[in-house]
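So you can see what is in the structure, the chains are spelled out below.
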Amino acid sequence: MEDGLGARSWFWDPNAPWQKGAVENANKRIRRFVPSDTDLSAVNQQQLVALAHHMNSLPRKCLGYRTPAEVFMAHLREVADALPFTRHCCARVRFSNPSMMSE
C-alpha cells in the first residue's frame with residue numbers, strides 16, 4: 001500500500017488491544033450508541049450517517065476540545081490556502097447543508 005498509494009500501514013498482534021489504542025477508543029465510543037449485540041443488518045445508511053455526524057460533532061480533549069469536523073475543516077483550509085491556484089481563481093468551498101459541517 002505504501003508504494004502504490006503513499007499510505008503507511010501497520011499490523012498489530014492478535015489479542016493485543018494495547019497496540020491499537022485509537023481503534024479501541026473509537027470502538028468504545030461507537031458501542032455507547034450501538035451495543036455489541038446489535039443486528040447490523042437492521043441498521044440503515046441514514047442511521048450510520050447520523051451516527052458518524054454525531055461522533056464527528058463531539059469535542060475531544062486530544063483535539064484541544066475541538067470537534068473532529070472542526071479540525072478536518074481547518075486542515076482542508078490550510079491545504080487549499082497552500083495551493084497556488086486556489087488563491088486566484090477559486091472561492092472557498094461552502095457546504096450547502098450547514099448541519100454537515102460548521103465553519
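It should be emphasised that the depicted structure is a prediction, and the values quoted were computed from it without experimental measurement.

Scoring rules and cut-offs
- Residues numbered from 1 in each chain as written.
- Predicted model: local features only at pLDDT ≥ 70, side-chain atom pairs only at ≥ 80, totals over all residues.
- Heavy atoms only, no water.
- Helix = DSSP H or I, 4+ residues; strand = E, 2+ residues; numbered from the N terminus.
- Buried < 20%, exposed > 50% of the residue type's maximum accessible area, 1.4 Å probe, protein only.
- Contact = heavy atoms within 4.5 Å.
- Areas by Shrake-Rupley, 256 points an atom, 1.4 Å probe, with all protein chains shown as cover.
- Expected span 1.5 Å × (residues − 1).
- Polar contact = N/O pair within 3.5 Å; in protein donor to acceptor, adjacent residues only side chain to side chain.
- pLDDT = per-residue confidence, 0-100.
- Lys, Arg positive; Asp, Glu negative; His and termini not counted.
- Salt bridge = Lys/Arg side-chain N within 4 Å of Asp/Glu carboxyl O.

Draft legend 1. The arrangement of the overall build of the chain in detail. Looking only at helices and strands, the chain has five helices and zero strands in total. Listed by position from the N terminus, the elements making up the chain come as α-α-α-α-α. Per-residue burial for the chain yields a buried fraction of 11% across its 103 residues. Considering only intrachain contacts with a sequence separation of at least 6, the fraction spanning at least 24 residues in the chain is 23%. Accessible surface for the chain amounts to roughly 8,800 Å². Of this, 58% is attributable to carbon and sulfur atoms.

Draft legend 2. View of unusual backbone geometry. A positive phi angle, near 65 degrees, is found at Y65, a position not held by glycine. Locating Y65 in the fold gives a position in the loop between helix 3 (45-56) and helix 4 (68-82).

Draft legend 3. Examining helix 3 more closely. Taking 1.5 Å of rise per residue, the twelve residues of helix 3 would be expected to cover 16 Å, and the 16 Å separating its terminal C-alpha atoms lies within 8% of that figure. Its side-chain oxygen placed 3.1 Å from the backbone nitrogen of Q46, N44 serves as the N-cap of helix 3.

Draft legend 4. How the structure looks around the environment of V43. Of note, V43 is situated in the loop between helix 2 (21-31) and helix 3. In contact with V43, other than residues within four places in its own chain, are T38 and L48.

Draft legend 5. View of helix 4. Between its terminal C-alpha atoms helix 4 stretches 21 Å, which fits the 21 Å expected from 15 residues at 1.5 Å a residue. Next to the buried residues of helix 4 lie helix 3.

Draft legend 6. Geometry of the confidence of the model for the chain. Overall, the prediction assigns the chain a mean pLDDT of 80, with 78% of residues at 70 or greater. Mean pLDDT values for the elements of the chain range from 59 in helix 5 (residues 84-89) up to 94 in helix 3.

Draft legend 7. View of the side chain of R29. Among the structural elements, R29 can be located in helix 2. With no salt bridge to any partner, buried R29 finds its closest opposite charge in E24, at an N-O distance of 12 Å.

Draft legend 8. Inspection of the side chain of T67 at higher detail. Checked against the element boundaries, T67 lands in the loop between helix 3 and helix 4. When neighbours within four sequence positions are excluded, T67 is seen to be in contact with N56, S57, L58 and P59.

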